[in-house]
Amino acid sequence: MTSKTALHAKHLEAGAKMVDFFGWEMPISYGSQMEEHHAVRQDAGMFDVSHMTIVDVTGKQAQAYLRYLLANDVAKLKDKGKALYSGMLNEEGGVVDDLIVYHFDDTNYRLVVNSATREKDMNWLLAKAEGFAVTITEKSDFAMIAVQGPKAKEKAATLFSAAQKEAVEGMKPFFGVQAEDLFIATTGYTGEAGYEIMVPKARAGQFWQELLEAGVKPCGLGARDTLRLEAGMNLYGQDMDETVSPLAANMGWTITWEPADRDFVGRGALEQQKEQGTDKLVGLVMKEKGVLRAGQKVKTENGEGITTSGTFSPTLGHAIAMARIPAGSPDTVEVEMRKKWVTVDVVKPSFVRNGKSVL
Amino acid sequence: MSNIPNDLRYAATHEWVRPESDGVFTVGISEHAQELLGDMVFVDLPDEGDKVSTGDDVAVAESVKAASDVYTPLTGEIIAVNEELEDSPELVNSDPYGDGWLFKIKADDPNEVESLMNAEGYKASIDEE
């Protein structure tokens, strides 16, 4: 039995090709994945991300709980609405999930976690809450739409009320604000400007329709994947999982080590990993014909690795990938592609930002 | 439902074959196949002069989503390849039975084409998938 989002009928109406995405029936594309990708890089596209899980964490000890739960430190969040990206680790220092946490005040936070890991995450959140005065509430009354691209904000704003326009006026990246019936956040998964908007389910279909009429192109999971990979953003379950250290997943920047006396889940294991050294997640670029794919073997001067994600980059016109390889900084590595070993360049795992190559 | 022209023959692996003259056949992939693969980004074609046998993997159609082998539906010699695909692989998506053809083969036995499915047979084989 697959779940359907509040926008399911709109996807069918638009002729989407639907796939089973971890129990959710979601659009993979509405025609050409490539055109959808370019719409987000050059204009404005929208994604149904209602399958993601929204969880509110409230209560006297909400901050203390999240400082224990997450490798990043929510105590850094001072401004109302400021968001933070973090890994949620297990005791072995593996990644249970990655998430975004919005801070409203020290007793009131909102998390957005992955859909594929919903049940596991909810169990984890509840198990770790033992002994803390917090309330954990899954919010299932919202649909969520990501509107992304250089013209995304301008086009989305045509749907906003005066109060909503005022609420988002001058809002910096990585903030969220509740404005009347909408929760509007300057976050995303594409490397472009835009909003992720939580809209009450009852209004979702109409909201989607109005975005369509404002000239925002519907985009599926296919384009979402090529966009996030170009932007160098990890996909949970692919670029990292419970067996992978955040240090080996380009998530070192999301670990807040200071203050040293903050105990968070996985800290002990992580400190050990740091001392011993871990694999590294790097970017790969191949300009010859062919496409890098997830799961290909990688040979380096320091040992073997594996590609964790790979695709043809529609913006760059050649293949890109992320790979987990032994520590060291080789300029090139070899990747096994269809029984041949091909030499490819190693770069930082980030390829495109705001429509432009960063290579 | 995708388009399956009646004047072509088909292999179960989604290649189509169009008889030209003198035992020469044009080969491409069906509209259904390109729909499954999605936006094409590279097409790796055989070399002219290659001698190939039915079922050999002779080309690779690589889309954003996946790489897929293309098998020759006939035994013979590759006498031409569609060089337009080098710069415009998307022709396989936009015109799979026309400008998106892959290669031409001179069949050792032109009658071999009779062993391939007709449009009706191919449609039935897709419906079973």
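The shown structure was predicted, so the numbers you read here are calculated from the model rather than taken from an experiment. (Residues numbered from 1 in each chain as written. Chains lettered and ligands numbered in written order. Predicted model: local features only at pLDDT ≥ 70, side-chain atom pairs only at ≥ 80, totals over all residues. Heavy atoms only, no water.)

Caption draft 1: Focus on the pattern of salt bridges. In this structure the tally under the stated criterion is 22 salt bridges over all chains. Measuring nitrogen to oxygen at the nearest pair gives 2.7 Å for the salt bridge that ties Arg-203 of chain A to Asp-181 of chain A. In this pair, Arg-203 of chain A is assigned in helix 7 (residues 201–213) and Asp-181 of chain A in the loop between strand 10 (176–179) and strand 11 (182–185), connecting sequence segments 22 residues apart. Across the salt bridge formed by Arg-293 of chain A and Glu-62 of chain B, the nearest N and O atoms sit 3.0 Å from each other. Linking Arg-293 of chain A in the loop between strand 14 (280–286) and strand 15 (297–300) with Glu-62 of chain B in strand 6 (residues 57–63), this pair reaches from one chain into another. (Salt bridge = Lys/Arg side-chain N within 4 Å of Asp/Glu carboxyl O. Helix = DSSP H or I, 4+ residues; strand = E, 2+ residues; numbered from the N terminus.)

Caption draft 2: Quick look at a negative patch on the surface. All names here are of chain B. Together, Asp-47, Glu-48, Glu-83, Glu-84, Asp-87 and Asp-99 give the surface a local cluster of negative charge. Note on placement: Asp-47 falls in the loop between strand 4 (40–44) and strand 5 (51–52). Look at Asp-47 and you get exposed, because its relative accessible area is 53%. (Patch = residues over 30% accessible without salt bridge, like charges linked within 9 Å, V, L, I, M, F, W, Y side chains within 5 Å. Areas by Shrake-Rupley, 256 points an atom, 1.4 Å probe, with all protein chains shown as cover. Lys, Arg positive; Asp, Glu negative; His and termini not counted. Charge placed at Lys NZ, Arg CZ, Asp CG, Glu CD. Buried < 20%, exposed > 50% of the residue type's maximum accessible area, 1.4 Å probe, protein only.)

Caption draft 3: Inspection of the sheet that holds strand 1 (residues 9–10) of chain B at higher detail. All names here are of chain B. Strand order across the open sheet formed by six strands is 1-2-3-9-8-5, with antiparallel pairing between neighbours. Every other strand in the sheet has two partners, leaving strand 1 and strand 5 as the edge strands with one partner each. In terms of strand pairing, strand 1 meets strand 2 (residues 15–19) through two bridges, oriented antiparallel. Its bridge partner being in strand 2, Tyr-10 is matched across the sheet by Trp-16. (Pairing = 2+ DSSP bridges.)

Caption draft 4: Structural context of the sheet that holds strand 12 (residues 194–200) of chain A. All names here are of chain A. Read from one edge to the other, the open sheet built from six strands follows the order 10-11-12-9-3-13, with strand pairing classed as mixed. The open sheet is flanked by strand 10 and strand 13 (217–218), the only strands paired with a single partner. Bridge count for strand 11 against strand 12 is three bridges, and the pairing is antiparallel. Bridge pairing in strand 12 links Ala-185 to Glu-196.

Caption draft 5: Structural detail: helix 9 (residues 267–276) of chain A. Residue and element names in this part refer to chain A. All of the buried residues along helix 9 are Arg-267, Ala-269, Leu-270 and Gln-273. All buried residues of helix 9 lie within an arc of 160° about the axis, which places them on one face of the element. Those residues of helix 9 that are exposed and angled more than 90 degrees off the buried face are Gly-268, Glu-275 and Gln-276. Against the buried residues of helix 9 lie strand 5 (83–89). Of the residues one or two after helix 9, Gly-277 is the one with positive phi, at around 90°. (Arc of directions from axis to C-beta. Contact = heavy atoms within 4.5 Å.)

Caption draft 6: Highlighting the environment of Ser-115 of chain B. All names here are of chain B. On the secondary structure map, Ser-115 appears in the loop between strand 9 (103–107) and helix 4 (119–127). The class for Ser-115 is exposed, based on a relative accessible area of 59%. In this structure, the C-alpha to C-alpha distance between Ser-115 and Tyr-10, residues 105 residues apart in sequence, is 9.5 Å. At a separation of 2.6 Å, a polar atom in the side chain of Ser-115 contacts the main-chain carbonyl oxygen of Glu-112. (Polar contact = N/O pair within 3.5 Å; in protein donor to acceptor, adjacent residues only side chain to side chain.)

Caption draft 7: Representation of the environment of Tyr-68 of chain A. Residues and elements named next belong to chain A. Along the polypeptide, Tyr-68 turns up in helix 3 (residues 62–69). Residue Tyr-68 is classed as partly exposed on the basis of its relative accessible area, which comes to 25%. Measuring from C-alpha to C-alpha, the distance between Tyr-68 and Val-265 comes to 6.1 Å, with 197 residues separating the pair along the chain. Setting aside chain neighbours within four positions, we find Tyr-68 in contact with Lys-128, Phe-132, Asp-263, Phe-264 and Val-265.

Caption draft 8: A look at the side chain of Ser-313 of chain A. All names here are of chain A. Its location among the elements puts Ser-313 in strand 16 (residues 303–313). For Ser-313, the side chain forms a polar contact with the main-chain nitrogen of Leu-316, separated by 3.0 Å. When neighbours within four sequence positions are excluded, Ser-313 is seen to be in contact with Glu-230, His-318, Ala-319 and Ile-320.

Caption draft 9: Representation of the pairing of strand 6 (residues 95–105) of chain A within the structure. Residues and elements named next belong to chain A. Among the eleven residues in strand 6, ten count as buried, and that is most of the element. In this antiparallel pair of consecutive strands, strand 5 and strand 6, the connection spans five residues, and Gly-93 shows a positive phi of 80°. Examined bridge by bridge, strand 6 and strand 7 (residues 108–113) share six bridges and lie antiparallel to one another. The partner of Tyr-102 across the bridge, within strand 7, is Arg-110. With antiparallel pairing between neighbouring strands as the criterion, strand 6 and strand 7 make up a hairpin whose turn holds two residues.

Caption draft 10: Examining the interface of chain A and chain B more closely. Contact with chain A, which involves 13 residues of that partner, is made by 17 residues of chain B. Between chain A and chain B, the buried area comes to about 1300 Å², and carbon and sulfur atoms account for 49% of it. Looking only at chain A, the three residues that lose the most surface to chain B are Lys-289, Arg-293 and Arg-338 of chain A, adding up to 46% of its buried area. In this assembly, chain A and chain B are joined by three salt bridges. Notably, a salt bridge pairs Asp-69 of chain B with Arg-338 of chain A, separated by 2.3 Å at the nearest N-O pair. Taken together, the connections running from chain A to chain B amount to eleven residue pairs in polar contact (both at pLDDT 80 or more). For the side of chain A that touches chain B, the secondary-structure elements that each account for two or more residues are helix 2 (33–42) and strand 16 of chain A. (Buried area = accessible area lost by both parts, 1.4 Å probe.)

Caption draft 11: Structural detail: the nonpolar core. All names here are of chain A. Counting 34 residues, the largest nonpolar core has Phe-47, Tyr-102, Met-144, Met-198, Met-240, Ile-255 and Leu-270 as the members making the most contacts within it. Every element with two or more residues in this core is listed here: strand 5, strand 6, strand 9 (142–148), strand 11 and helix 8 (221–230). Per-element tally for this core: the top contributor is strand 6, with four residues. The contact partners of Met-144, leaving out residues within four places of it in the chain, are Phe-47, Asp-48, Val-49, Ser-50, Met-52, Ile-54, Val-112, Ile-197 and Met-198. (Core = buried A, V, L, I, M, F, W, Y, C linked by side-chain atoms within 4.5 Å.)

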